[in-house]
Amino acid sequence: MPLVRNPILPGFNADPSILRVGEDYYIATSTFEWYPGVQIHHSRDLANWTLVTRPLNRKSQLDMRGEPDSCGVWAPCLTHDGEKFWLVYTDVKRKDGSFKDTPNYIVSSPTIEGPWSEPFYINSSGFDPSLFHDDDGKKWFVNMLADHRARPRSFAGIVMQEFDPVAGKLVGPRKNIFLGTELNLVEGPHLYKRNGWYYLLTAEGGTGYHHACTLARSRDIWGPYEVHPENPILSSKNYPLTALQRAGHGDIVDTPDGKTYMVHLAGRPTTQERRCVLGRETAIQEAYWKDDWLYIKNGPIPSLYVDLPAERDDGPYWAEQKYTFDSELPKDFQWLRTPEPERIFKVSGGKLTLTGREAIGSWFEQSLVARRQTHFSYDAETVIDFSPEDERQFAGLTAYYSRFNFFYLAVTAHSDGQRELLIMASEASWPLGRLRYPLEEPKTIPNKGKVKLALSIRGRELQFWYSLEGEEELQKVGPVLDASIVCDECGGHQVHGSFTGAFVGVACSDLNGLEIPAHFDYFTYRPVHHETDRYEV
């Protein structure tokens, strides 16, 4: 079989849940504060994947307004019971500090494209829920259990309870079936059954550089569960030079011919500070069974290259993407938190129009539309038509992670109404969120006319560019900025407390509350090869 280089879902695609229905494979990944919720990719060969849907797309299913960065949709679980698809997810309202507010929900659909049902509210005792369909027809719901007292651990174990699909609720006793191991921080549970054994796969060690996959088994679904003799079965924690770091939070799938694979999240850090600009990505590993235990081929270290049933066509990955705005938002783009996108943007007449709302970084209603950064180096470009009246109205191009780390080239105006370019830099600014303004002098531009805005990233170097209407050549604006800051490790929380990835897109704010519009003609994303990229190392 051909060797395929990991990751299989590059860029921010964390916490993968994999499923096979017939010849079709599906992976669901976390979307956190980005809307619509949950990304589902499809493949027929495990090598080539296409985004097919984001199922949580209406207010009754998901409303994240007011939720802090890296809250929202955590660790979805996608399953099929022979009749329909089931999707389990957490909508995290609060994560920092001792308390975590984590309502869990279930939706279902006869097809992967939908329509997806109204949600059943299940519980709020922890996060990372999963649904297991046993061969006797029963359905079992598991999630990690949170204990704000940390007596003895804040991640207190994996609890299980039966789910009644008719009543839409949990029934019967609840039991803590697995306390975890000395790796600590047990989460991300998935249950399986094979050869009379129940298997419980969990994540441990936290989602940073001590991340790991732990496997345990029992003859009884209620336990007790014995831990794998060579646990953890997958981890990079003792191998700081391996290509895929932070490996953990896995799920397994069998091919039609009986081979087993594990998908898991991983990061590819850059710079001496080990910064994961592309976030936590989805990788895949070959696995095999021995003495009714699962092992990772060449494990526990994750392999960069893996034998898969087919070769991957890398043409689409490296192709320039020029997005036009004819009738609907291109599928690569998302926005933040709100189930009412009509209040922040519209697509018509070949233009994307953003309505000026709150400031960039708002946790409530900001007009920001962006796509994932999926390459270490790239160019992005757009043309904006925007007529601000003063300094409280600004719109433009941004490399964005969260409130506390972004770079933003904006068209704005001074208090006298004179239009100008402004660069705003939020550089690991947690907890205060104070901005830096890298332009030494205001860059005055004419009050009329469109403006082309661009950025180039080469490794850790970010350069903004612009040109005025009628000009062909782009001009540099501002100094070289540190693009590596737009990463998990600088995301605005304690180290390893930020969970998304870098985006690039457009934004518009009107702090006067007048809802001034900004019109964008197109958006181009152009992948670039650069000597600092780390696809092989």
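To keep things clear, this report deals only with the structure shown in the data block.

Each value, and the rule that gives it
- Residues numbered from 1 in each chain as written.
- Predicted model: local features only at pLDDT ≥ 70, side-chain atom pairs only at ≥ 80, totals over all residues.
- Heavy atoms only, no water.
- Helix = DSSP H or I, 4+ residues; strand = E, 2+ residues; numbered from the N terminus.
- Buried < 20%, exposed > 50% of the residue type's maximum accessible area, 1.4 Å probe, protein only.
- Contact = heavy atoms within 4.5 Å.
- Areas by Shrake-Rupley, 256 points an atom, 1.4 Å probe, with all protein chains shown as cover.
- Lys, Arg positive; Asp, Glu negative; His and termini not counted.
- Charge placed at Lys NZ, Arg CZ, Asp CG, Glu CD.
- Pairing = 2+ DSSP bridges.
- Polar contact = N/O pair within 3.5 Å; in protein donor to acceptor, adjacent residues only side chain to side chain.
- Axes fitted to C-alpha atoms, helices over the stretch in contact; angles between N-to-C directions.
- Phe/Tyr/Trp six-rings, centres within 6.5 Å; stacked < 30°, edge-to-face > 60°.
- Core = buried A, V, L, I, M, F, W, Y, C linked by side-chain atoms within 4.5 Å.

### Points about the overall build of the chain
Each helix and strand counted, the chain has one helix and 39 strands in total. By its C-alpha atoms, the chain is 75 × 50 × 45 Å across when sized along the principal axes. The 537 residues of the chain split such that 62% are buried. The contacts of the chain with a sequence gap of at least 6 include a subset with a gap of at least 24, amounting to 59%. Surface exposure of the chain reaches about 20,400 Å², of which carbon and sulfur atoms provide 49%. Between the averaged position of the 57 positive side-chain charges in the chain and that of its 73 negative side-chain charges there is a distance of 3 Å.

### Some thoughts on the pairing of strand β20 (residues 245–254)
Counting buried positions over the 10 residues of β20 gives nine, a clear majority of the element. Where β20 meets strand β21 (residues 260–267), six bridges bridge the pair, whose relative direction is antiparallel. Following the sheet pairing, Asp254 is matched in β21 by Thr260. Taking the residues that link successive antiparallel strands as the turn, the β20-β21 hairpin has five residues, and the phi of Gly258 there is positive, at about 95°.

### Some details on the sheet that holds strand β26 (residues 333–336)
Taken in spatial order, the eight strands line up as β4-β26-β29-β38-β31-β32-β33-β34 in an open sheet, and their pairing is antiparallel. A strand with exactly one partner marks an edge of an open sheet, and here the two such strands are β4 (34–35) and β34 (443–444). In this sheet, strand β33 (residues 419–426) lies alongside strand β32 (residues 405–413) in antiparallel orientation, the contact comprising eight bridges. Its bridge partner being in β33, Leu409 is matched across the sheet by Ile423.

### Some remarks on the environment of Tyr261
Turning to its location among the elements, Tyr261 is positioned in strand β21. Of the polar contacts made by the side chain of Tyr261, one reaches the backbone oxygen of Asp307; its length is 3.0 Å.

### As for the environment of Glu273
Structurally, Glu273 can be placed in the loop between β21 and β22 (281–290). Among the polar contacts listed, one links the side chain of Glu273 to the side chain of Thr271, at a separation of 2.8 Å. A polar contact of 3.4 Å, which involves the side chain of Glu273, links it to the side chain of Arg460.

### Notes on the sheet that holds strand β11 (residues 130–133)
In spatial order, the strands read β11-β12-β13-β14; together these four strands make up an open sheet with antiparallel pairing. In the strand order of this sheet, the two ends are held by β11 and β14 (169–178), each with one partner. Between one strand and the next, the sheet's axes are offset by a mean angle of 30°, whatever the strand orientation. With seven bridges connecting them, strand β12 (residues 139–146) and strand β13 (residues 155–164) associate as antiparallel partners. Looking at the pairing, Phe141 lines up with Gln161 of β13.

### Focus on the packing of aromatic side chains
What the rule picks out here adds up to 29 aromatic pairs. With centroids separated by 6.3 Å and ring planes inclined at 85°, the aromatic side chains of Trp34 and Tyr400 adopt a geometry described as edge-to-face. Here the residue Trp34 occupies a position in strand β4, and Tyr400 occupies one in strand β31 (residues 393–402), the gap between them amounting to 366 residues. Residue classification places Trp34 among the buried residues on the basis of a relative accessible area of 0%. On the basis of relative accessible area, Tyr400 is assigned to the buried category, the value being 1%. Ring geometry for Phe333 and Phe523: centres 5.6 Å apart, planes at 90°, overall edge-to-face. Of the two residues, Phe333 is situated in strand β26 and Phe523 in strand β39 (residues 517–527); the sequence distance between them amounts to 190 residues.

### Some thoughts on the nonpolar core
With 70 residues, the main nonpolar core has Leu78, Leu352 and Phe523 as its most contacted residues. Apart from the residues within four sequence positions on either side, Leu78 is in contact with Ser17, Ile18, Leu19, Tyr26, Ala28, Ile40, Phe85, Trp86, Leu87, Ile112 and Trp116. Among the nonpolar cores identified, the runner-up in size contains 36 residues, and Cys71, Leu191, Phe406 and Ala410 belong to it.

### Side note on the side chain of Asn123
One can find Asn123 in strand β10 (residues 120–123). There is a polar contact of 2.7 Å between the side chain of Asn123 and the side chain of Asn104. Beyond its immediate sequence surroundings of up to four residues, Asn123 is in contact with Thr102, Pro103, Asn104, Phe141, Asn143 and Leu170.

### A word on the environment of Tyr26
Note on placement: Tyr26 falls in strand β3 (residues 24–30). Taking C-alpha positions, Tyr26 is 48 Å from Glu389, a pair spaced 363 residues apart along the chain. Beyond its immediate stretch of four places on either side in the chain, Tyr26 contacts Ser17, Ile18, Leu19, Val21, Ile40, His41, His42, Trp49, Leu78, Phe85 and Ile112.

### Observations concerning unusual backbone geometry
With an omega of 5°, the peptide bond running from Gly299 to Pro300 counts as cis. Checked against the element boundaries, Pro300 lands in the loop between β23 (293–296) and β24 (305–307). For the bond running from Trp430 to Pro431, omega is 5°, close enough to zero to count as cis. Looking at the element boundaries, Pro431 is found in the loop between β33 and β34. The backbone of Leu185 shows a phi angle near 60°, a positive value even though the residue is not glycine. Mapped onto the fold, Leu185 is located in the loop between β14 and β15 (187–194). Given a relative accessible area of 26%, Leu185 falls into the partly exposed group. Positive phi, normally seen in glycine, also occurs at Thr271, with a value near 65°. Tracing the backbone shows Thr271 in the loop between β21 and β22.

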